[in-house]
Amino acid sequence: MKVLRILSTAVLLLFASSAGWAAEDTPEQIPGTTRVTAEDVVALVGKFDDLVIIDARTKKDNSAGFIEGAISLPDTETTPASLAAHIPTKTTPVLFYCNGVKCGRSVTSCQMALAEGYSNVYWFRGGWGEWTAKGMPVAH
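Residues numbered from 1 in each chain as written. Predicted model: local features only at pLDDT ≥ 70, side-chain atom pairs only at ≥ 80, totals over all residues. Heavy atoms only, no water.

1. Focus on the pattern of salt bridges
- Using the criterion set out here, one finds 6 salt bridges in the structure.
- We note a salt bridge from Glu28 to Arg35, for which the minimum N-O separation is 3.0 Å.
- Taking the shortest distance from any N to any O, the salt bridge between Lys134 and Glu130 comes out at 3.0 Å.
- What makes Glu130 buried here is its relative accessible area of 19%. (Salt bridge = Lys/Arg side-chain N within 4 Å of Asp/Glu carboxyl O. Buried < 20%, exposed > 50% of the residue type's maximum accessible area, 1.4 Å probe, protein only.)

In structure tokens:
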């Protein structure tokens, strides 16, 4: 069973990486996640002391700024082991974001987390684009 899960995860990552995630491919919703806005992210930070925020963008994108407290974990480096290293339990609230609605990196990361059994997954679809457009605080 574990081998099957690892193989299905690898296939998912391979497909997502090769697909290029055009804007029309980025879904409105990801079943199993709660989609949030920038304001919702702020509320989640206030609500959950143990919220883990994952920045699924590339290291280069992350170096230009990120949401305070976010962990840089590009989708291409997201594995069952890297998720387990950053998220203490399968029920810990975790939020994924990337560059925004035309970027599929956070989609890939959310799907990986769901496939691994994480059950409290939030998806910030608007991502970095929405965050900065709304003048939210930026860390460097």
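2. Observations concerning the packing of aromatic side chains
- Evaluated as defined, the whole model comprises 3 aromatic pairs.
- On the basis of an interplanar angle of 50 degrees and a centroid distance of 6.2 Å, the ring pair of Phe48 and Tyr122 is categorised as tilted. Of this pair, Phe48 sits in the loop between helix H2 (38–47) and strand E2 (52–55) while Tyr122 sits in strand E5 (residues 121–124), and the two are 74 residues apart along the sequence. Across the pair, exposure class does not vary: Phe48 and Tyr122 are buried alike.
- With centroids separated by 6.2 Å and ring planes inclined at 75 degrees, the aromatic side chains of Phe124 and Trp131 adopt a geometry described as edge-to-face.
- On the accessibility criterion, Phe124 (0% relative accessible area) is buried.
- Over the aromatic face of Tyr118 sits the side chain of Lys90, whose NZ or CZ is 4.8 Å from the ring centroid. (Phe/Tyr/Trp six-rings, centres within 6.5 Å; stacked < 30°, edge-to-face > 60°. Helix = DSSP H or I, 4+ residues; strand = E, 2+ residues; numbered from the N terminus. Lys NZ or Arg CZ within 6 Å of the ring centre and 35° of its normal.)

3. Some details on the environment of Ser82
- Tracing the backbone shows Ser82 in helix H4 (residues 80–86).
- For Ser82, a relative accessible area of 12% corresponds to the buried category.
- Setting aside residues up to four positions removed in sequence, Ser82 forms contacts with Leu73 and Glu77.
- A distance of 3.1 Å separates the side chain of Ser82 from the backbone oxygen of Glu77, its partner in a polar contact. (Contact = heavy atoms within 4.5 Å. Polar contact = N/O pair within 3.5 Å; in protein donor to acceptor, adjacent residues only side chain to side chain.)

4. Things to note about the nonpolar core
- Grouped together as the largest cluster of nonpolar side chains are 18 residues, with contacts concentrated most on Ile67, Leu95, Tyr97, Phe124 and Trp131.
- Mapped onto this core, the elements with two or more residues apiece are H2, strand E4 (94–97), E5 and helix H6 (127–133).
- Looking at this core, the element that brings in the most residues is H2, giving 3 residues.
- Among residues more than four places away in sequence, those in contact with Ile67 are Ile53, Tyr97, Phe124, Trp128 and Trp131. (Core = buried A, V, L, I, M, F, W, Y, C linked by side-chain atoms within 4.5 Å.)

5. Thoughts on the pairing of E5
- Burial of the side chains of E5 extends over both faces: Val121 and Trp123 are buried on one face and Tyr122 and Phe124 on the other.
- In this sheet, E5 lies alongside strand E1 (residues 33–35) in parallel orientation, the contact comprising 3 bridges. By the bridge assignment, Thr33 is partnered in E5 with Val121.
- Relative to E5, E4 runs parallel, the two being bridged by 4 bridges. In the sheet register, Phe96 faces E5, and the bridge partner there is Trp123.
- Taken together, E4, helix H5 (residues 105–115) and E5 constitute a β-α-β crossover, and its handedness is right-handed. (Pairing = 2+ DSSP bridges. Right-handed = clockwise from strand over helix to strand, strands pointing away.)

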